[in-house]
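# Structure assessment
Chain by chain, the residues:
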Amino acid sequence: MGGFKQFLLRGNIVELAVAVIVGATFSGLVQALVADLITPLIGAMTGGKNPDFAQYSFTINGSEFKYGHFLNHLISFLIIAAVVYWLVVTPMTKLISLFERDRAATTKQCPECLSEVPIEARRCAHCTVELVPEAEKPQV
């Protein structure tokens, strides 16, 4: 029982639960945005009498194809993807690149075999070619 309690109280489990709850709520918010604002706006711009895409369908041999429902979900997906990209992915990429730029280099690439070697190495451990330390390289 102690192991199970430790598993439940891990930080990752709690963070995952919060992420799922917030994600589900955000999904409902975006669905409402699409159904209540974007779909009527598109319907108004196209001059349609029925701006609710969920009502759009056609029938072939008694089978009903509800393509409007699919359009609502497609618009929702595109909005969620755009929000995640611009509000999460882009800022995180910039932040990571800032940390990477400021981090001091601890390895260099061997010019002969292209493997990673310590920056102070005088000889490559992989191909044994002699390396010139950074401090002794001639300035160009």
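Keep in mind it's a predicted model, so treat the numbers as computed, not measured.

Turning our eyes to something else, we now look at the overall build of the protein chain. Scanning the protein chain from N- to C-terminus turns up three helices and four strands. Secondary structure elements of the protein chain, listed N to C terminal, follow the sequence α-α-β-β-α-β-β. Counting the 140 residues in the protein chain, one finds 13% classified as buried. The contacts in the protein chain between residues at least 6 apart in sequence include a share of 21% that link residues at least 24 apart. When the accessible surface of the protein chain is totalled, it reaches about 11,300 Å², and 66% of it is carbon and sulfur.

Let's shift gears to the side chain of S115. Within the element layout of this structure, S115 appears in the loop between β3 (107–109) and β4 (116–118). Classification of S115 by relative accessible area gives buried; the value is 14%. Setting aside chain neighbours within four positions, we find S115 in contact with K108, Q109, C110, C124 and H126.

This part is about unusual backbone geometry. Although it is not a glycine, N61 sits at a positive phi angle of roughly 50°. Mapped onto the secondary structure, N61 falls in the loop between β1 (58–60) and β2 (63–65). Of the residues examined, N61 reaches a relative accessible area of 80% and is grouped as exposed. Its identity is not glycine, yet T128 carries a phi of approximately 65°, on the positive side. Looking at the element boundaries, T128 is found in the segment after β4. According to the relative accessible area criterion, T128 is partly exposed, its value standing at 48%.

Time to look at the environment of I13. With respect to the secondary-structure elements, I13 resides in helix α2 (residues 11–46). Those residues within four positions of I13 in sequence are excluded, and the remaining contacts are F7 and L8.

Relative to the helices and strands, K108 is located in strand β3. Among the polar contacts made by the side chain of K108, one reaches the main-chain carbonyl oxygen of I119 at a distance of 3.3 Å.

The next subject is the pattern of salt bridges. Within this structure, the stated rule accounts for one salt bridge. R123 is paired through a salt bridge with E130; the nearest N and O atoms lie 3.5 Å apart. In this structure R123 comes out as partly exposed when scored by relative accessible area, which is 46%. Assessed through its relative accessible area of 61%, E130 is described here as exposed.

Once that is clear, we can look at the packing of aromatic side chains. Each aromatic ring pair is characterised by the separation of its centres together with the angle its planes make. Enumeration over the complete set of coordinates arrives at four aromatic pairs. Here the aromatic rings of Y56 and Y67 are separated by 6.1 Å at their centres, their planes lie at 40°, and the arrangement is tilted. With Y56 in the loop between α2 and β1 and Y67 in helix α3 (residues 67–102), this pair connects stretches of sequence that are 11 residues apart. Taking relative accessible area as the criterion, Y56 reaches 21% and is therefore assigned partly exposed.

Parameters and conventions
- Here the residue numbers are simple positions, counted from 1 along each chain's written sequence.
- A pLDDT threshold of at least 70 governs which residues receive local features in this predicted model, and a stricter bar of 80 or more applies before side-chain atom pairs are shown or counted, although totals over entire chains, interfaces and linings include all residues.
- In computing side-chain values, all of the structure's heavy atoms are included and hydrogens and water are not.
- A helix here means a DSSP run of H or I that spans at least four residues, while a strand means a run of E at least two residues long, and both kinds are numbered starting from the N terminus.
- Only protein chains enter the accessibility calculation, which uses a 1.4 Å probe; a residue whose area is less than 20% of its type maximum is buried, one above 50% is exposed, and one in between is partly exposed.
- We call two residues in contact whenever any of their non-hydrogen atoms come within 4.5 Å of each other.
- Surface accessibility in these figures is a Shrake-Rupley result with a 1.4 Å probe; residues are shielded only by whichever protein chains are displayed.
- We define a polar contact as two N or O atoms separated by no more than 3.5 Å, with the added condition that, inside protein, one atom must be a possible hydrogen donor and the other a possible acceptor, whereas residues neighbouring each other in sequence contribute only through side-chain atom pairs.
- Note on definitions: salt bridges are taken to be side-chain nitrogens of Lys or Arg within 4 Å of carboxyl oxygens of Asp or Glu.
- In this analysis, rings of Phe, Tyr and Trp, with Trp reduced to its six-membered ring, are considered paired at centre separations within 6.5 Å, and the interplanar angle assigns stacked below 30 degrees, edge-to-face beyond 60, and tilted for intermediate values.

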